[in-house]
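What follows is each chain in one-letter form.
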Amino acid sequence: MDNVKVNALMLRATDYLDNDKILTLLTAERGKITAGIKGVKKAGAKLKFAAQPFCFAEYILAERGGRYTVTQASECESFYELRTDVNKFYAACAVCETAIALTYEGDESGALFSDCVRALSEMCSGDEGFALVKFLLSALRGAGYGVSLNHCPQCGANLADAEKLRFNLDTGTFLCWDCGAGAGASGSTFKTLCAADGKAEGEATDDGKKRALKLLKEYLIYKTDARCLSLSEYIKLI
Ligand SMILES: [Zn+2]
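Residues numbered from 1 in each chain as written. Predicted model: local features only at pLDDT ≥ 70, side-chain atom pairs only at ≥ 80, totals over all residues. Heavy atoms only, no water.

**Some details on the overall build of the protein chain**
In terms of helices and strands, the protein chain carries six helices and eight strands. Along the protein chain, helices (α) and strands (β) appear in the sequence β-β-β-β-β-α-α-α-β-β-β-α-α-α when read from the amino end. Radius of gyration (C-alpha) of the protein chain: 20 Å, near the 18 Å computed for a compact globule of 238 residues. Taken over the C-alpha atoms alone, the protein chain extends approximately 60 × 35 × 30 Å along its principal axes. Partitioning the intrachain contacts of the protein chain with sequence separation of at least 6 by distance along the chain shows that 55% fall at a separation of at least 24. In the structure as shown, the protein chain presents an accessible area of about 11500 Å², 46% of it carried by carbon and sulfur atoms. (Helix = DSSP H or I, 4+ residues; strand = E, 2+ residues; numbered from the N terminus. Rg over C-alpha atoms; globule rule 2.2 N^0.38 Å. Contact = heavy atoms within 4.5 Å. Areas by Shrake-Rupley, 256 points an atom, 1.4 Å probe, with all protein chains shown as cover.)

**Here we look at helix α5 (residues 206-223)**
For α5, built from 18 residues, the straight-helix expectation of 26 Å at 1.5 Å per residue is met to within 8% by its first-to-last C-alpha distance of 26 Å. Taken as a whole, α5 has its buried residues at Gly208, Lys209, Ala212, Leu213, Leu215, Leu216, Tyr219 and Leu220. (Expected span 1.5 Å × (residues − 1). Buried < 20%, exposed > 50% of the residue type's maximum accessible area, 1.4 Å probe, protein only.)

**With respect to the coordination of the zinc ion**
Note on metal geometry: ideal angles are 109.5 degrees for four donors arranged tetrahedrally and 90 or 180 degrees for six donors arranged octahedrally. Within the first shell, the zinc ion binds the protein through Cys152 (SG), Cys155 (SG), Cys176 (SG) and Cys179 (SG), at distances of 2.3 Å. Expressed as a motif, the donor residue spacing for the zinc ion is C-x2-C-x20-C-x2-C. Here Cys152 is found in the loop between α3 (128-142) and β6 (164-168), whereas its partner Cys179 is found in the loop between β7 (173-176) and β8 (184-186), with 27 residues between them in sequence. Judged by its relative accessible area of 30%, Cys179 falls in the partly exposed class. (Donors = N, O, S within 2.8 Å, 3.2 Å for Na, K, Ca; no water.)

Structural data, given as structure tokens:
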């Protein structure tokens with residue numbers, strides 16, 4: 001039996017037997033892994049915190065035959081604020097479910113790990129909706145599904161001033177209304193995405209954040225097998 005030390009974010013905990021849980025952890029070192037944790041449903045269990053949503057900790061895992069069991073953990077950050085506000089809670093759950101959907105067990109995912117920790121930290125202290133838009137853009141780009149926020153690829157027009165645009169789900173590209181076909185998108189969606197991407201012409205509005213999240217959800221579902229249940233719930237709340 002080997003001991004492995006990882007920095008990890010607790011993405012999902014599922015009940016197992018009477019007192020145990022199975023955790024899905026996103027680690028900086030080994031990508032997404034599954035690990036059992038014993039006795040955490042008992043009152044006063046020492047490692048209870050390590051099975052809480054959004055726990056960011058250094059986990060010590062015992063590895064045997066490719067299976068992991070958590071034996072120790074020391075918390076780096078609990079992101080406690082995310083559990084005290086229902087909007088922040090669902091936004092943070094949307095980060096975790098997206099990370100699960102975009103990763104395969106054992107694949108390297110250090111960039112996604114950093115994106116997740118940054119997003120949860122921004123959600124604690126600020127606007128969780130804008131942090132979620134930023135996170136989804138970055139996570140999609142990392143997974144090879146970048147959203148292009150440039151000029152119209154057909155005619156070269158500057159899209160920052162357009163009121164109505166089109167979004168091509170196949171290519172992840174915005175176009176002028178008259179140049180493209182398919183789903184429409186608003187100017188406020190485009191400007192909010194630009195702001196989240198750090199572009200000077202960007203401007204985030206409440207309406208734009210909601211629309212941008214709806215568009216990113218549709219795109220995620222189109223490109224991956226994500227179900228986006230928490231993201232849907234968050235969009236309903238705002
Ligand atoms: Zn055009």
